[in-house]
Amino acid sequence: DAETNWSWITSDDRYGKFYAPERVRVVARQNGVPTCIEAWIKTAYTAAGAAETISSMGLSKEIPNSSDLNYSLALIRINPQGRTLEYLEEIFYNKNGTVLASHWYDKPRLKEINSQSFDENFYDAIVDQVFNQGETARAKAADRWITLWRKVDAAADFADALASCQ
């Protein structure tokens, strides 16, 4: 998307990861605490990353030549309390911005977030933007998983938000 400003998150020898801060939306709250977040992410591929992605996602019929795959955009939904990320839609492009494959998932692809997860960097950056609790900096800390669903309230000791993104 030419009008979108993509913020770089991280990159390695296979992937570059970006997200669009202005396209992060809280779509559900419980007791004032965000429980469901939608956002757009972008993955840029090196030759090795493209080949790995096409193979692991079974895209070889749609994208027979891995050198054609340049980047993908995805609409994701995050449940911060459940530490999950769902892919709702993915669109794969060549270097000219031509769509090579597009998938809308009736049953979203659910990923649990942990320190070995491909999607951890996306999760950290987006949750950081919404909660402003230093999730990205804490990613490698021993007490990594902060309690995002607990809100201290003056009228009560605390209120727990339901961990639902439906």
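Only a predicted model underlies this, so the values are computations on that prediction, with no experimental measurement involved. (Residues numbered from 1 in each chain as written. Predicted model: local features only at pLDDT ≥ 70, side-chain atom pairs only at ≥ 80, totals over all residues. Heavy atoms only, no water.)

Regarding the nonpolar core
In terms of nonpolar packing, the biggest core is built from 20 residues, with Tyr-19, Ile-41, Ile-76, Ile-78, Leu-85, Tyr-87 and Ile-126 touching the most fellow members. If you list the elements that add at least two residues to this core, you get strand S4 (33-45), strand S5 (71-79), strand S6 (84-93) and helix H2 (120-131). At 6 residues, H2 tops the list of elements feeding residues into this core. With residues up to four places along the chain from it excluded, the contact list for Ile-41 reads Trp-6, Phe-18, Tyr-19, Ser-72, Leu-73, Ala-74, Ile-76, Tyr-87, Phe-122 and Ile-126. (Core = buried A, V, L, I, M, F, W, Y, C linked by side-chain atoms within 4.5 Å. Buried < 20%, exposed > 50% of the residue type's maximum accessible area, 1.4 Å probe, protein only. Helix = DSSP H or I, 4+ residues; strand = E, 2+ residues; numbered from the N terminus. Contact = heavy atoms within 4.5 Å.)

Notes on unusual backbone geometry
One non-glycine residue with positive phi stands out, namely Asn-31, at about 55°. Checked against the element boundaries, Asn-31 lands in the loop between strand S3 (25-30) and S4. Residue classification places Asn-31 among the partly exposed positions, given a relative accessible area of 38%. For Arg-83, which is not glycine, the phi torsion reads 50° and is therefore positive. For Arg-83, the location among the structural elements is in the loop between S5 and S6.

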